[in-house]
Amino acid sequence: MFIIILILLVLIGVSNVVNRFVPFIPIPLIQIALGAVLVIVPLGIHLELEPELFFLLFIAPLLYHDGKHTPRDELWKLRAPILLLAVGLVFITVCVVGYVVHWLIPSIPLAAAFGLAAILSPTDAVAVSALAGRIHLPKSLMRLLEGEALMNDASGLVAFKFAIAAAVTGVFSFPKASLSFIVISIGGLVIGALVAFLIIGIRQLLRRAGLEDETMHMLLQILTPFMLYLIAEELGVSGILAAVAGGLVHAIENERLAFTMPNLRNVSNSTWSVILFVLNGLVFVLLGLQIPGVSRTILKDPHFDNFKVIGYALLIFVLLLVLRFVWTFIFARGGRWFGNTNQEVPSLRMLSLTAISGVRGAITLAGAFSIPLILQNGAPFPQRDLIIFLASSIILFSLLTASIVLPLIAKKKNTDGDAEQERMEREWQLEVMAAAVRALQNTSNEKNEVVVGTVIGDYKLMMQQLGQKDGNLKRLPRFQQEEAEMRLLALDIERKVVHERLENGQVSREQANYYLNMLEQVEIILANKLDLGKVLVKNIWRRLKLLFTFLTRSRLASNIVEPDLAEIRTLKMQCSQAVVEEFSKRCAYQSDDATEGVLDYYQQMVDRLRRFAFGSRRKDSSFIDSRRELHWIAIQAERDAVQWFYERGDITRDMASLLRRIIRNREASLYELEGIG
């Protein structure tokens, strides 16, 4: 089991690497495919899906986190459409799809058909969020989908529970089922809120007792969704809604922690990012592990016509889409009945996006696997394997349709001019750098207050220059790639100068190795994902030659004292002047924005080195080390901000790539400056 878990974790990492090279395929589909391959390849790996454990281990913490980070005011504004989708559409789906399934496949009893329809009704919050950043859905639609996915799990699972109970026992009471649904749903919300307040009270008591250790409080945070789910289920109410309610309550405390325990908030964000990354990936890999076995059971059964069974799954999926579209169309056109008098009627495009975005996922499959094997009279549950196969097929159809169709519908034509595009790029750069400033402010204390202020000052100066409307915009992201290629060419010129100085005895071997290693690091930073492999291959022979230097790199770096750094700065001055001369010649007969950008960069480098050489300001080594560390903290904060904006759907994949390229160029520049002191 431990080896299987390790393999699954490796597959999660592999899926993200694959997605970098094939970004048009969403990560959930890649993870499902990798999980299926793991079963198909004869390695003897087989993992049964335990529905109860699945809901507790995966769904509870994921929905708890979604509830904690979903804006409460926006959920309240969308309460009418969320309830219509999460409750009304679920029961419409159960009734309509249940009768249609029984009519298409008479061998599936009506109660079991209702059970299949019920488990197909919930949308998957994990799948929706996994697709959102890539597809860049409108923000209002994302909030609606998130709110629906938070609530419809309970309604769908409760309907599924009663339908399966009716199929097993042959007894069903609509009044009793309706009352139970109300009790289970409201009870789950109430219990979740009460338990969450109790946990918050316990944490406050611990803090008053002087126990403010971030690690202990982080452990309580991790345990919270599991306690919410288990307590609610033991009391006979919805554990899923309890986890959601607990997340909403803890969101209030999370806002207060920003002022009372800022370090805990930083630790919490980092820890939960890892937990969510693993859980989200495992959900779809486990889904992929189940599909081959389910498909093999039906496709190899001579009693079933394979094409007909797949056709049934496709028809049911189309029916789900049509129902969702019609339902959203009805309540959108009749929005005034629900108090939406100030809202515009959604367009057909938005209605289509809403319909196709109802992705089914692991909750559907986990519910299907929870169908009992036998009835109360001892007979096998009718068509259990077929029901699981239909559920699995519809999950795949929904993911594929959303992945293919949504980008085509969601994509807007670029009607903005170049000036508007540049303004957007500049605004997002300012947002990213503002995130870096906030991260630096969070690290400030009495010991590093001065150096933090220095680095923040550097960022504020960059933000001020970028915010000027009459600034030079021609080297914004659209030219960053070409400029990076010119920077790589400039590094080759620097490398040539270093070798010449080394052969002439003007620099020592240690200084040359230090400088060449710095150039290699800058080259790797500048290389994008397409030419990174070429850069790495080109540097292999250099690495082999400098193997021993590489092994002692930290010793060499720490032994570079002020006279040696002075020599490094002199060498940097010579290399920069050589690049300026070469690029000045290029600009004389072939001028372009990228070449001029690199020329301007190295001219500024020469001016900076001259000011450093003749200036009187000197800093001790501890100040330099602190400044270097803070620069990397800021760069990482910029990357985290870009990823956060992308995952929320605020920016497109293209914008995220452009912002990452800008950060990569800034990182390369900082590495050069830090390398020469």
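All of these numbers come straight from a predicted model, not from anything done at the bench.

**Here we look at the overall build of the protein**
Then, number 1: A tally of regular secondary structure across the protein gives 27 helices and 0 strands.
Then, number 2: Among the 677 residues that make up the protein, the fraction classed as buried is 50%.
Then, number 3: As presented, the protein carries roughly 33200 Å² of accessible surface, and 63% of it is formed by carbon and sulfur atoms.

**What about the packing of helix α9 (residues 174-208) against helix α10 (residues 214-234)?**
Then, number 1: As a packed pair, α9 and α10 sit with axes 10 Å apart at the nearest point and diverge in direction by 155°. Taken together, the axis directions place α9 and α10 in an arrangement best described as roughly antiparallel. Crossing hand, α9 versus α10: right-handed. For the pair α9 and α10, the contacting residues are I191, G192, V195, A196, I199, R203, L206 and R207 in the first and M216, H217, L220, Q221, T224, M227, L228, I231 and A232 in the second.
Then, number 2: Among the residues forming the contact of α9 with α10, the class breakdown is 11 nonpolar, 4 polar and 2 charged.

**Some words on empty space enclosed by the protein**
Then, number 1: Counted by the stated rule, this structure contains 2 cavities of 30 Å³ or more.
Then, number 2: Approximately 60 Å³ is the volume attributed to the largest cavity.
Then, number 3: As for the largest cavity, its lining consists of L85, L89, V90, T93, S121, E148, L320, L323, R324 and R360.
Then, number 4: If you list the elements that add at least two residues to the lining of the largest cavity, you get α5 (79-104) and α13 (306-333).
Then, number 5: For the lining of the largest cavity, the leading source of residues is α5, giving 4 residues.

**Looking at helix α2 (residues 27-40)**
Then, number 1: Compared with an ideal rise of 1.5 Å per residue, which puts 14 residues at 20 Å, α2 spans 20 Å between its outermost C-alpha atoms and is within 8% of the ideal.
Then, number 2: Residues of α2 that are buried: P28, L29, I30, Q31, I32, G35, A36, L38 and V39.

**Considering the pattern of salt bridges**
Then, number 1: Throughout the structure, instances matching the rule amount to 2 salt bridges.
Then, number 2: Note that K572 and E494 form a salt bridge whose closest N and O atoms lie 3.0 Å from each other. Here K572, found in helix α24 (residues 562-589), pairs with E494, found in helix α19 (residues 480-503); they are 78 residues apart in sequence, far enough to count as distant.
Then, number 3: Accessibility expressed as a relative area gives 0% for E494, which makes it buried.

**Comments concerning the environment of V451**
Then, number 1: Following the sequence through the fold, V451 ends up in helix α18 (residues 449-467).
Then, number 2: What makes V451 buried here is its relative accessible area of 5%.
Then, number 3: Linking V451 and R627, residues 176 residues apart in sequence, is a C-alpha distance of 6.0 Å.

**Looking at the side chain of E638**
Then, number 1: Its place among the elements puts E638 in helix α26 (residues 621-648).
Then, number 2: Excluding residues within four positions of it along the chain, E638 makes contact with V432, M433, A436, Y459, I663 and R666.

**Quick look at the side chain of R360**
Then, number 1: Along the chain, R360 falls in the loop between α14 (348-356) and α15 (362-369).
Then, number 2: What makes R360 buried here is its relative accessible area of 6%.
Then, number 3: At 2.7 Å, the side chain of R360 forms a polar contact with the backbone oxygen of G358.
Then, number 4: In this view, R360 contacts L120, S121, P122, D124, L320, I395, S398 and L399; residues no more than four positions away in its chain are not counted.

**Topic: the nonpolar core**
Then, number 1: Counting 103 residues, the largest nonpolar core has L8, F54, I108 and L390 as its most contacted members.
Then, number 2: Once residues lying within four places of it in the same chain are set aside, the contact partners of L8 are L38, L47, L282, V285, L286 and L289.
Then, number 3: Judged by nonpolar contacts, the second largest core, of 34 residues, contains V507, L516, I568 and L599.

**Examining the packing of helix α1 (residues 2-21) against α2**
Then, number 1: With their axes 9 Å apart at the nearest point, α1 and α2 run at an angle of 135° to one another. Considering the angle they form, α1 stands oblique to α2. Between α1 and α2 lies a crossing whose hand is right-handed. Facing α1, whose interface residues are I7, L8, L11, I12, V14, S15, N16, V18 and N19, α2 presents I27, I30, Q31, L34 and L38.
Then, number 2: Here the residues of the contact of α1 with α2 are counted per class, giving 10 nonpolar, 4 polar and no charged.

**Section: the packing of aromatic side chains**
Then, number 1: Applying the stated criterion across every chain, the model contains 6 aromatic pairs.
Then, number 2: Between Y64 and W272 the ring centres are 6.0 Å apart and the planes differ by 40°, which places this aromatic pair in the tilted class. Of this pair, Y64 sits in helix α3 (residues 51-69) while W272 sits in helix α12 (residues 262-299), and the two are 208 residues apart along the sequence.
Then, number 3: In this structure Y64 comes out as buried when scored by relative accessible area, which is 1%.
Then, number 4: Assessed through its relative accessible area of 4%, W272 is described here as buried.

**Remarks on a nonpolar patch on the surface**
Then, number 1: Where nonpolar side chains cluster on the molecular surface, the patch consists of L314, V318, V322, V326, F329, I330 and L348 and spans about 570 Å² of accessible area.
Then, number 2: For the nonpolar patch, the element with the most residues is α13, which contributes 6 residues.

**A short note on unusual backbone geometry**
Then, number 1: Positive phi, close to 55°, is recorded for Q383, a residue that is not glycine.
Then, number 2: Looking at the secondary structure, you find Q383 in the loop between α15 and α16 (384-410).

**Remarks on the confidence of the model for the protein**
Then, number 1: For the protein, per-residue confidence averages 77 on the pLDDT scale, and 78% of positions sit at 70 or higher.
Then, number 2: Per-element confidence in the protein is highest for α10, whose mean pLDDT is 91, and lowest for helix α23 (residues 553-558), whose mean pLDDT is 43.
Then, number 3: Per-residue pLDDT stays below 50 along residues 469-479; that stretch engages in 24 contacts with residues further than four places along the chain or on separate chains.
Then, number 4: Under a pLDDT of 50 for its full length, residues 614-618 has, in the predicted model, 1 contact with residues more than four places off or in other chains.

**Examining the environment of L406**
Then, number 1: Counting through the fold element by element, L406 comes out in helix α16.
Then, number 2: Spatially, the C-alpha atoms of L406 and L353 are 6.6 Å apart, while their sequence positions differ by 53 residues.

The rules behind these values
Residues numbered from 1 in each chain as written. Predicted model: local features only at pLDDT ≥ 70, side-chain atom pairs only at ≥ 80, totals over all residues. Heavy atoms only, no water. Helix = DSSP H or I, 4+ residues; strand = E, 2+ residues; numbered from the N terminus. Buried < 20%, exposed > 50% of the residue type's maximum accessible area, 1.4 Å probe, protein only. Areas by Shrake-Rupley, 256 points an atom, 1.4 Å probe, with all protein chains shown as cover. Axes fitted to C-alpha atoms, helices over the stretch in contact; angles between N-to-C directions. Parallel < 35°, antiparallel > 145°, perpendicular 65-115°, else oblique. Left-handed = near helix turned anticlockwise from the far one by under 90°. Contact = heavy atoms within 4.5 Å. Nonpolar A, V, L, I, M, F, W, Y, C, P; charged D, E, K, R; others polar. 1 Å grid on protein atoms, 1.4 Å probe; cavity = no way out; pocket = protein on both sides within 12 Å on 5 of 7 lines; lining within 4 Å. Points joined across faces, edges and corners; volume = space filled by probe spheres on them. Expected span 1.5 Å × (residues − 1). Salt bridge = Lys/Arg side-chain N within 4 Å of Asp/Glu carboxyl O. Polar contact = N/O pair within 3.5 Å; in protein donor to acceptor, adjacent residues only side chain to side chain. Core = buried A, V, L, I, M, F, W, Y, C linked by side-chain atoms within 4.5 Å. Phe/Tyr/Trp six-rings, centres within 6.5 Å; stacked < 30°, edge-to-face > 60°. Patch = residues over 30% accessible without salt bridge, like charges linked within 9 Å, V, L, I, M, F, W, Y side chains within 5 Å. pLDDT = per-residue confidence, 0-100.

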